[in-house]
Amino acid sequence: MMAVLEVPINVFGQRNNFSFSSSRRPPNYACGIRKPRSFVLISATSQTPVQSVEENTSIVTQNFAFPIMVNSCTGKMGKSVIEAAMNAGLDPLPVSFACEEDSGKIIEVGGKDFELYGPSNRENVLAKVFEDNPGLIVVDYTVPMAVNDNAELYCKLGVPFVMGTTGGDRERLYKTVEDSNNYAVISPQMGKQVVAFLAAMEYMATQFPGAFSGYSLQVMESHQASKLDISGTAKAVISCFQKLGVSFDMDQVQQIRDPDQQLELVGVPEEYLSGHAFHMYHLTSPDETVSFEFQHNVCGRSIYAEGSIDAAFFLAKKIRSRAEKRIYNMIDVLQEGNMR
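Residues numbered from 1 in each chain as written. Predicted model: local features only at pLDDT ≥ 70, side-chain atom pairs only at ≥ 80, totals over all residues. Heavy atoms only, no water.

In the annotation of an unreviewed UniProt entry, the entry for the protein reads 4-hydroxy-tetrahydrodipicolinate reductase, and the organism field reads Heracleum sosnowskyi. Taken directly from UniProt, the Pathway (unreviewed entry) text for the protein runs: "Amino-acid biosynthesis; L-lysine biosynthesis via DAP pathway; (S)-tetrahydrodipicolinate from L-aspartate: step 4/4." Heading Sequence similarities (unreviewed entry) of the UniProt record for the protein holds this comment: "Belongs to the DapB family." (UniProt positions renumbered as here; feature names shortened; annotations may be inferred.)

Laid out in structure tokens, this is it:
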């Protein structure tokens, strides 16, 4: 039996279909898991279109403009965030962090030139930019190895920031911000709909600890080959399952980065091999008579870029209202409302 729940067009302008099945596994995943006798599937797939400037500029009239800097604009996520910022009516500052070998170069993104600065210049550059642009907010999409050094610099100078980069030492990252008393949004996931799913998982884990004790878990996540670390979203979901009583180690996550496997095994559309995030979590009861599967697939980067800009607007409002300086997450952003 297969039932499809069609929900209204969401804030990104696409329609989401949520599938509930009791008789068969989804065709996109072939993980070598034996089919159990009882099966429950919950899945969601999103292919998010980029909104037009006309659709997005209204957010500035609803909120306000503020100076924004994107690090780094050399990567695909950084470029997507710059374009999302422009679509939202913001004017990103024409400077960005980069690796040392790219320092001094100028690249074009969204019809605008950006000058790149390497690690040796970043503190002086950021201090000057912050001095010249009060109310500055930085959105960080660099690389895992730069997460902690960048965060320490932002906190040292008192620059509010949105950390979209995953990886790095997360405990050290949180401690850095807490000790500095700085504004920040830090989240393993910037896609708003996926964040809502994570919130539901966290609620279930809090309200029903141990509900899946004894169940085994298999996790597969597929991202573009350039993503070096395990998905932060997968880590967050696994943490919830652990609270629900499931025994699972992070090194058991099946990471798929090979394009051929992504096409044949996972079912990623070819045009999104360079930018996608597919996740599958499969739970099986001790006697293998009951199985649960959670699946969420994202094609493209716009869902994360637009969520990051919403997070930046959220921080700007907190700063203007003199709200508490602390670490916020995307749940806080969702609960604030006024999102596109």
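Now that the structure has been shown, the text picks up again.
Describing the overall build of the protein
For the protein, the count of helices and strands is eleven helices and 15 strands. Of the contacts made within the protein by residues no fewer than 6 positions apart, 66% connect residues no fewer than 24 positions apart. (Helix = DSSP H or I, 4+ residues; strand = E, 2+ residues; numbered from the N terminus. Contact = heavy atoms within 4.5 Å.)

Quick look at the sheet that holds strand β9 (residues 161-163)
Pairing in this open sheet of five strands is parallel, and the strands run β4-β8-β9-β10-β15 from one edge to the other. The open sheet is flanked by β4 (68-71) and β15 (327-328), the only strands paired with a single partner. Pairing analysis gives three bridges linking strand β8 (residues 137-140) to β9, with the strands arranged parallel. Residue pairing in the sheet places aspartate 140 in a bridge with methionine 163 of β9. Against the sheet, helix α5 (residues 147-157) contacts β4, β8 and β9, and its axis sits at roughly 165° relative to β9. Helix α10 (residues 302-320) rests against β4, β8, β9, β10 (184-186) and β15 of the sheet, and its axis sits at about 150° to β8. (Pairing = 2+ DSSP bridges. Axes fitted to C-alpha atoms, helices over the stretch in contact; angles between N-to-C directions.)

Re the nonpolar core
Phe66, Val81, Val162, Val185, Tyr304 and Ile309 are the most contacted members of the largest nonpolar core, which has 42 residues in total. Elements with a minimum of two residues in this core: β4, α3 (76-87), β7 (112-117), β8, α7 (192-207), α10 and α11 (330-336). Per-element accounting of this core gives the leading share, ten residues, to α10. In this structure, valine 81 is in contact with Val70, Val139, Tyr141, Ala305, Ser308 and Ile309, ignoring residues within four places of it in sequence. Core analysis: the second largest hydrophobic core is formed by 23 residues, Leu93, Val147, Leu173 and Ile327 among them. (Core = buried A, V, L, I, M, F, W, Y, C linked by side-chain atoms within 4.5 Å. Buried < 20%, exposed > 50% of the residue type's maximum accessible area, 1.4 Å probe, protein only.)

Notes on the pattern of salt bridges
Applying the stated criterion across every chain yields a total of 14 salt bridges. Across the pair arginine 172 and glutamate 152 runs a salt bridge whose closest N-O atoms are separated by 2.8 Å. Of this pair, arginine 172 sits in helix α6 (residues 170-180) while glutamate 152 sits in helix α5; the two residues are 20 residues apart in sequence, bridging distant segments of the chain. According to the relative accessible area criterion, arginine 172 is partly exposed, its value standing at 36%. Of the charged contacts, one joins aspartate 310 and lysine 192 as a salt bridge, the two residues approaching to 2.8 Å between their closest N and O atoms. Note that aspartate 310 is positioned in helix α10 and lysine 192 in helix α7, a separation of 118 residues in sequence. Assessed through its relative accessible area of 5%, aspartate 310 is described here as buried. Through salt bridges with shared partners, a single network forms among Asp149, Glu152 and Arg172. (Salt bridge = Lys/Arg side-chain N within 4 Å of Asp/Glu carboxyl O.)

A few points about the packing of aromatic side chains
Considering all chains together, one arrives at ten aromatic pairs under this definition. Both rings, one in phenylalanine 212 and one in tyrosine 215, keep their centres 5.2 Å apart while their planes meet at 85°; by these two values the pair is edge-to-face. Each of the two residues, phenylalanine 212 as well as tyrosine 215, counts as buried. In textbook terms, an aromatic cluster arises when at least three aromatic residues are bridged by ring pairs, as seen for Phe197, Phe241, Tyr281 and Phe294. (Phe/Tyr/Trp six-rings, centres within 6.5 Å; stacked < 30°, edge-to-face > 60°.)

Here we look at the packing of helix α4 (residues 122-132) against α5
Packing of α4 against α5 brings their axes to within 11 Å, and their N-to-C directions diverge by 40°. With respect to each other, α4 and α5 are oriented oblique. Remark: the crossing between α4 and α5 carries right-handed chirality. Contact residues: α4 offers Arg122, Glu123, Leu126, Ala127 and Phe130, while α5 offers Asp149, Asn150, Leu153, Tyr154, Lys156 and Leu157. Tallied by class, residues from the contact of α4 with α5 come to six nonpolar, one polar and four charged. (Parallel < 35°, antiparallel > 145°, perpendicular 65-115°, else oblique. Left-handed = near helix turned anticlockwise from the far one by under 90°. Nonpolar A, V, L, I, M, F, W, Y, C, P; charged D, E, K, R; others polar.)

Points about the side chain of serine 80
Relative to the assigned elements, serine 80 resides in helix α3. Overall, serine 80 belongs to the buried group, its relative accessible area being 18%. When sequence neighbours within four positions are dropped, the list of residues in contact with serine 80 reads Arg301 and Ala305.

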